[in-house]
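Each chain is listed here by its residues.
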Amino acid sequence: MLDALQLPMNYPLVERRDKLATLIHGQQLDGMLISCPVNVRYLTGFTGDSTYLLLSRNFSLLISDGRFTQQLEEECPGLSAYIRPAGQNLSQATIEQLKSTGWNHVGCEARHLTLAEFELIRSYLPTISWKALGDAVEQLRMIKDEAEILAIQRAIQVAEQAFIRFKPFVRPGESELTWHHRMEMLLRDGGAEEGSFPAIVALGHRASLPHAPPTKQILDKQEMLLVDWGARVNGYVSDLTRTCPLRNNTTARLKPIYDAVFAAHQAAVAALKPGATGSSIDRAARAAIEARGFPPYSHGLGHGIGLDVHEAPQMRLGVDVLLQPGMVVTVEPAVYLPEWGGVRLEDDYLITPGGAQRLSTLPQDDTAMTISW
């Protein structure tokens, strides 16, 4: 395990809540109901589930149950909590606590509160007017603070060390599924809470599937192995992809495709700067691939990472969100050729006032990524 992982994490939770409370007040609302577990964690530090947060300028209350009494005390010192009794569900507890606030105008997370639950709460609180604040917390989460950036860097370190240890295990006669399980084990052994997502390990023609599930496909005469993986550390994630040429089987076809993807990656990174849009950066990468005579990827160029592996901002066609310093995004151009395979190259970048800083450190060239036996 990396020594850096032992450093304490100090997130500015009060500052985050104050920013959201200011936004709530600006919407002429008395308070807000936060129901998304990830957003509750972002605002309070609580890592459990089945817990809501009521928040206003001068009031915050976690609504939870007895399973988390001690955990709330440990993770959320200074925050008030209502522990619902046995026999009272979360919706009923929320209704009771909202009544006690005296709020008349309340915001909610329309993307996370189910219609059934919203209708139930509203039926018991007919005097409250509701306003959907959509992705209010997610907008705050786009700009990472120093502690978050450090956590992401740690997640990258763990993921990269796992990959370095993973490569020597790739040998003929073993399967995607075997390597998938090995990567998951190496991530945990290296200090990850879990993988950011189920690791993608795709051989040969299966590398043309952007989200290929692992199978019992065995390494034989394929010429590339695509690995897409990441680690979750202190709640924060990394997201990396490497396409590894298999030296003993590589043909001349792979090299120009790899070079096209590498050029697209470089073009995108050159365009990564404050004020650029996700759409413009995506177009730069696509143009580099098309200029070399290959079809560009079918997905977006990249996305934000943080507490979620896919979060704002998105970098794809049609997205005009402006990049800002403090955002952390992936860049993952690719070429997919069905029946042959695919090449994808993904790294994580911090947007800085002067451009972009690559947080991941693994080599990007095909020679360094080649696996031989």
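Preceding block: the structure.
As a convention, each chain's residues are numbered from 1 in the sequence order in which they are written. Given that this is a predicted model, residues contribute local features only at a pLDDT of at least 70 and side-chain atom pairs are listed and counted only at 80 or more, while totals for whole chains, interfaces and linings are drawn from all residues. Derived side-chain values reflect all non-hydrogen atoms in the structure, with water molecules and hydrogen atoms excluded from consideration.

A short note on the environment of Glu-160
The criterion, for reference: By the criteria applied, helices consist of DSSP H or I runs no shorter than four residues and strands consist of E runs no shorter than two, each listed in order from the N terminus. Three labels apply to residues, based on accessible area from a 1.4 Å probe with only protein chains included: buried if under 20% of the type maximum, exposed if over 50%, partly exposed otherwise in between. Contact definition: two residues touch when any of their heavy atoms are within 4.5 Å.
Mapping Glu-160 onto the fold places it in helix α7 (residues 146-166). Of the residues examined, Glu-160 reaches a relative accessible area of 5% and is grouped as buried. Along the backbone, Glu-160 and Leu-187 are 27 residues apart, and their C-alpha atoms lie at a distance of 9.1 Å. Excluding residues that lie within four positions of it along the chain, Glu-160 makes contacts with Trp-229, Leu-240, Ser-360, Thr-361 and Leu-362.

Quick look at the sheet that holds strand β12 (residues 240-245)
What counts here: Between any two strands, at least two bridges found by DSSP are needed for them to pair. Angles here are taken between N-to-C directions and fall from 0 to 180 degrees, while the axes themselves are lines fitted to C-alpha atoms, restricted in helices to the stretch in contact.
Strand order in the open sheet formed by three strands is β8-β9-β12, with antiparallel pairing between adjacent strands. Each edge of the open sheet carries a strand with a single partner, namely β8 (200-203) and β12. Across the sheet, the mean angle separating the axes of adjacent strands is 10° when strand polarity is ignored. Sheet topology places β8 next to strand β9 (residues 224-229); four bridges connect them, and they run antiparallel. Paired with Ile-200 across the strands is Asp-228, a residue of β9. Here α7 sits on the sheet in contact with β8, β9 and β12, set at roughly 150° to β9.

Examining α7
We count it as follows: Residue count minus one, scaled by 1.5 Å, sets the expected span of a helix. Think of a polar contact as two N or O atoms within 3.5 Å of one another; within protein, one of them needs to be a possible hydrogen donor and the other a possible acceptor, and neighboring residues in sequence only count if both atoms come from side chains.
Compared with an ideal rise of 1.5 Å per residue, which puts 21 residues at 30 Å, α7 spans 30 Å between its outermost C-alpha atoms and is within 8% of the ideal. Its side-chain oxygen 3.1 Å from the backbone nitrogen of Ala-147, Asp-145 forms the N-cap of α7.

What to know about the packing of helix α1 (residues 13-26) against helix α2 (residues 37-44)
Heads up, the condition is: Amino acid classes used here: Ala, Val, Leu, Ile, Met, Phe, Trp, Tyr, Cys and Pro are nonpolar; Asp, Glu, Lys and Arg are charged; the rest, including Gly, are polar.
Packing of α1 against α2 leaves a shortest axis separation of 7 Å and a crossing angle of 115°. Taking contact as the criterion, the partners of Leu-13, Arg-16, Arg-17 and Leu-20 in α1 are, on α2, Arg-41, Tyr-42, Leu-43 and Thr-44. Classifying every residue of the contact of α1 with α2 by side-chain character gives four nonpolar, one polar and three charged.

Interpretation note: all reported values are geometric properties and have no functional meaning in isolation.
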